[in-house]
Amino acid sequence: MARWCYRHRLVVLVLWVGALFGLGVTASSAGTNYAEVFSLPDTDSKRAYDLMRKAFPERAGDTDTVVWKTDEGTVRDAAVRSRMEDALAEIGRMEGVGAVAGPYDERGAAQISEDGRIAYAQVTFAEQADAVPKALVQDVVDRARAAAGDGLQVELGGQAVTRVQEPPTGTAELVGILAAAVVLFLAFGSVFAMLLPIVVAVFGVAGGMFGTQLISHVTDVPELASLLATLIGLGVGIDYALFIVTRHRKGILSGKDPEEAAVAALNTSGRAVLFAGGTVCIALAGMLVTNLRFLDGVVIGTSLTVVLSVLAAITLLPALLGVLGHRVLSRRQRRRLAASETKGEQVNGLAARWSATVQRRPRAVAAVAVVLMAALAVPLLSLRLGTVDQGNDDASTTTRKAYDLLAEGFGPGFNGPLQVVVDGEAPTGLVKAVEDTEGVAQVAAAPPANGVTVIQVVPTTSPQDVETDRLIDTLREDVIPAAGVQAHVGGVTAVSKDFASVTGDRLPLFVGTIIGLGFLLLLLAFRSLVVPLTAAVMNLLAAAASFGVLVMVFQWGVGLDLLGLGTEGPIASFLPIIMLSLLFGLSMDYQVFLVSRMHEEWVHTRDNARAVRVGLAETSRVINSAALIMVCVFLAFVLSGDYGAAMAGVGLAAAVALDAFVLRTALVPAVMHLLGRANWWLPAGLEKRLPHLAVEPKEEDDDGPPAPAPEEKAVDGAASVVHGFVRTPEGEPVRGAAVTLLTPGGRQLDRVASLADGAYVVAVPSPGTYLLAVSASPHGARAAHVTVGEGPLVHDVELTPGGVDVVS
């Protein structure tokens, strides 16, 4: 497939552009039909909501609030009253505004604070917040705030108002892409190579967004799905293309034709991308086991975007590689390649040295990594799930100012009232019992409507206060049962509390499902019980540490001012399910790319130390680059203006950074060194029954020039190996040294080039004595007889400039 896409690149490009254009036109014509369907079956707040709909079926539109405060006198003064009545009357005449309920009539007396300095009016739109035109909301905001001045402060709150104070759509995405471009340019040194992953990611994300818009017309998809699909699509799209382009460039620099390099890259890293994308989709699908139906649309949107990103990486990318040819390299690399001065892209020396350090001191590295992750996970013990409201907005926003004014004038609980809903007429005893309950500031019972009575309860504490949660429990468990009546406690605060409880109850099943599925996939891929078990433990450790960071930032307020994210509060109830799905999927990506290279070496050499060392040295740089890109993309969503999206962005950025830079680069290889050959243990009976799944097939060595055809095919029938390191007298690794194994008579049996950390391995057909010759310019050459028995032989070589061994 890669070869076909490469050779028919113009056809592939036309198909992709045409498909994206067609999807875009269709989606634009159809528009969006996002539905914020939020249902918690079998919860007390859901029963209260159903009764509320029965009582007030006509209340379909979003209700926002206009709040004003006077510095002198009261809001009843003629000067204040005339200005606000004029403004409210003009707002009420706007097309799309259903009703305006002000404080200056008999029914609005309760809308003025006791001291008379603060009042509010409720503006009910004809549509829900997401359907109200932004231009209309902006007109309402402008007209209301135009009445301010001369000691009168006017602010507005509500969901519709929140939408008009958000930054322009696309700001976060653009910043994320620009940051990723900088990292890619530093990694590749080529503008064309930098653009390839970005173009692939944009095609995948755009296709996913348009597809999600169309799907929203046939099933319930929340608007959150589009935001999360963009978040995850940009990250995985760029990363997947990065892995393939890196392998492709390595192939060209080793002397391959661009077409063969592209085919080899897609047949190796492309397979790993396909596998990694599958693991992300499986992790996302794990949300379905929670039976929270509003998450179904999130699963559809994010999974579709991941699938299209993978499809773009394995079809569109090889076509683009065909268009660029050698221009995927930097100018300096092309000049050196033309002059035959390079045979392989130099791997970061720091990566090779770090890999050697981990091998020498695995216990120390593991101990430091575990202590760091454990320290970051400690704040998780104080995690509290709850509602995120406008009290968390930045202090400069009008929604936050309106929230604070209402709390000042009517008490902190006014921003999150509870509704005790009775099917029938509420007995006087219930109203009196609720009023006498500790933590209740105000109670108002409305006349029965359609056979339902609603008792409005204003707590003395804010919606996010833990005391408000306790008040809900008291009403449900003590007050209502004691009154002997069938009633339910509802309201936004009660819904959030129930959601947190449901999430906590179903989280173990959810985590067990995605951990179990990931375990099975890695078991099939790497033929090992220990490798997937290690990955599962690491994923849980990454989740604990990343949630610890979330608690520190958003619940304790550490760094919130620096990020410009308002004030601290509980962690959003929806976040654990969504964030764990994305985290486990992305963690599996890095595990697959790291361990697949280790597994390749293990299959060839059966030397665990070498497999772990080489795998880490050759993949850590690209994994860290990919992680840095994801961190930039996720952190950019702090600029989205959405507090929940910012929370998800910071949490995922922390998770990816800790997973890549601490777990996969330090703890995983250190643990694998300590476990030794046990890493690859699989019971013989299980080995026979498991189907074979090749994540990354072994490719021919492309790190050096092809060896002349040997007289004996030593690799195919190798009985053992000789392996070790090629180093200078100072201990520096020698990369690209030609290591040749010959018979005592001079016949060549095997020839390889040493890797970035100086490691080499040559195959031996049978026990006996052989000649091992090693040479590298300008380091000199060495040769020695080696005697190989039944097992592998370790033989390190030290090259001295100008030195040549004579062996008879």
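Now for a look at the structure at hand.

Cut-off values and rules
- Residues numbered from 1 in each chain as written.
- Predicted model: local features only at pLDDT ≥ 70, side-chain atom pairs only at ≥ 80, totals over all residues.
- Heavy atoms only, no water.
- Helix = DSSP H or I, 4+ residues; strand = E, 2+ residues; numbered from the N terminus.
- Buried < 20%, exposed > 50% of the residue type's maximum accessible area, 1.4 Å probe, protein only.
- Contact = heavy atoms within 4.5 Å.
- Areas by Shrake-Rupley, 256 points an atom, 1.4 Å probe, with all protein chains shown as cover.
- Lys, Arg positive; Asp, Glu negative; His and termini not counted.
- Charge placed at Lys NZ, Arg CZ, Asp CG, Glu CD.
- 1 Å grid on protein atoms, 1.4 Å probe; cavity = no way out; pocket = protein on both sides within 12 Å on 5 of 7 lines; lining within 4 Å.
- Points joined across faces, edges and corners; volume = space filled by probe spheres on them.
- Nonpolar A, V, L, I, M, F, W, Y, C, P; charged D, E, K, R; others polar.
- Core = buried A, V, L, I, M, F, W, Y, C linked by side-chain atoms within 4.5 Å.
- Patch = residues over 30% accessible without salt bridge, like charges linked within 9 Å, V, L, I, M, F, W, Y side chains within 5 Å.
- Salt bridge = Lys/Arg side-chain N within 4 Å of Asp/Glu carboxyl O.
- Pairing = 2+ DSSP bridges.
- Axes fitted to C-alpha atoms, helices over the stretch in contact; angles between N-to-C directions.
- Expected span 1.5 Å × (residues − 1).
- Phe/Tyr/Trp six-rings, centres within 6.5 Å; stacked < 30°, edge-to-face > 60°.
- Lys NZ or Arg CZ within 6 Å of the ring centre and 35° of its normal.

A word on the overall build of the protein chain
And then number 1: Within the protein chain, the regular secondary structure consists of 24 helices and 18 strands.
And then number 2: Dimensions of the protein chain along its principal axes, counting C-alpha atoms only, are 115 × 55 × 45 Å.
And then number 3: Looking at the protein chain as a whole, 55% of its 808 residues qualify as buried.
And then number 4: Considering only contacts in the protein chain between residues 6 or more positions apart, those separated by 24 or more positions represent 77%.
And then number 5: Put simply, the protein chain shows about 33,400 Å² of open surface, and 58% of that area lies on carbon and sulfur atoms.
And then number 6: One way to put it: in the protein chain the 61 positive side-chain charges average out to a point 11 Å from where the 80 negative ones average out.

A look at the side chain of T493
And then number 1: Note that T493 resides in helix α18 (residues 492-526).
And then number 2: Once you skip the residues sitting within four places of it in the chain, T493 turns out to touch G416, L418, P463, T468 and I472.

So, empty space enclosed by the protein
And then number 1: Under the definition given, this model contains two cavities of 30 Å³ or more.
And then number 2: The calculated volume of the largest cavity comes to roughly 120 Å³.
And then number 3: Lining the largest cavity are 15 residues, with I514, I515, G518, N539 and M588 sitting closest to its centre.
And then number 4: Elements represented by at least two residues in the lining of the largest cavity include exactly α10 (258-285), α18, α19 (530-555) and α21 (575-605).
And then number 5: If one sorts the elements of the lining of the largest cavity by residue count, α18 sits on top with five residues.
And then number 6: Tallied by class, residues from the lining of the largest cavity come to eleven nonpolar, four polar and no charged.

Digging into the nonpolar core
And then number 1: Counting residues in each nonpolar core, the largest one holds 155 residues, and the members touching the most others are M287, F554, F584, Y590 and F634.
And then number 2: The biggest single contributor to this core is helix α23 (residues 643-675), with 20 residues.
And then number 3: When residues no more than four places from it in sequence are discounted, the contact partners of Y590 are D239, F243, I623, A626, A627, M630, V656, D659, A660 and R664.
And then number 4: Listed in part, the 28 residues of the second largest apolar core include W68, V97, I112 and V154.

Details of a positive patch on the surface
And then number 1: A surface patch of positive charge is lined by R331, R332, R335 and R336.
And then number 2: Note on placement: R336 falls in helix α12 (residues 331-338).

Side note on the sheet that holds strand β16 (residues 780-788)
And then number 1: Reading across the sheet, the four strands line up as β13-β12-β15-β16 and stay open at both edges, with antiparallel pairing between neighbours. Where the open sheet ends on each side, the last strands, each with one partner, are β13 (748-753) and β16. Neighbour-to-neighbour, the strand axes of the sheet open up by a mean angle of 20°, direction not taken into account.
And then number 2: Summarising the sheet, strand β12 (residues 738-742) and β13 pair through five bridges and their orientation is antiparallel. Following the sheet pairing, L742 is matched in β13 by Q748.

Here's the deal with unusual backbone geometry
And then number 1: Positive phi values are uncommon outside glycine, yet D150 reaches one of about 55°.
And then number 2: Relative to the helices and strands, D150 is located in the loop between α5 (134-146) and β4 (152-157).
And then number 3: Of the residues examined, D150 reaches a relative accessible area of 78% and is grouped as exposed.
And then number 4: Phi at R527 is positive, roughly 50°, even though this residue is not glycine.
And then number 5: Here R527 shows up in the loop between α18 and α19.

Description of helix α15 (residues 398-410)
And then number 1: Helix length check: α15, at 13 residues, gives a terminal C-alpha distance of 18 Å against a target of 18 Å (1.5 Å per residue), a fit within 8%.
And then number 2: What α15 keeps buried is the set T398, T399, R400, A402, Y403, L405, L406, G409 and F410.
And then number 3: Against the buried residues of α15 lie β1 (63-70), β3 (118-125), α5, β4 and α6 (159-164).
And then number 4: G411 lies just past α15 and shows a positive phi near 100°.

Describing the packing of aromatic side chains
The description of an aromatic ring pair uses the distance of the two centres, along with the angle that the planes make with each other.
And then number 1: In this structure the tally under the stated criterion is seven aromatic pairs.
And then number 2: Of the aromatic side chains, those joined through ring pairs into one cluster are Y120, F410 and F414.
And then number 3: When the ring centre of F192 is taken as reference, the NZ or CZ atom of R327 above it lies at 5.7 Å.
And then number 4: The ring of F725 carries the charged tip of R727 above its face, separated from the ring centre by 4.2 Å.

Structural notes on the pairing of strand β14 (residues 759-764)
And then number 1: With six of six residues buried, β14 is to be regarded as a mostly interior element.
And then number 2: Side chains A759, V761 and A763 of β14 all project onto a buried face; the interleaved residues Y760, V762 and V764 project onto the opposite face, where all are buried too.
And then number 3: Pairing between strand β11 (residues 720-727) and β14: six bridges, direction antiparallel. Bridging from a neighbouring strand, H723 pairs with V761 of β14.

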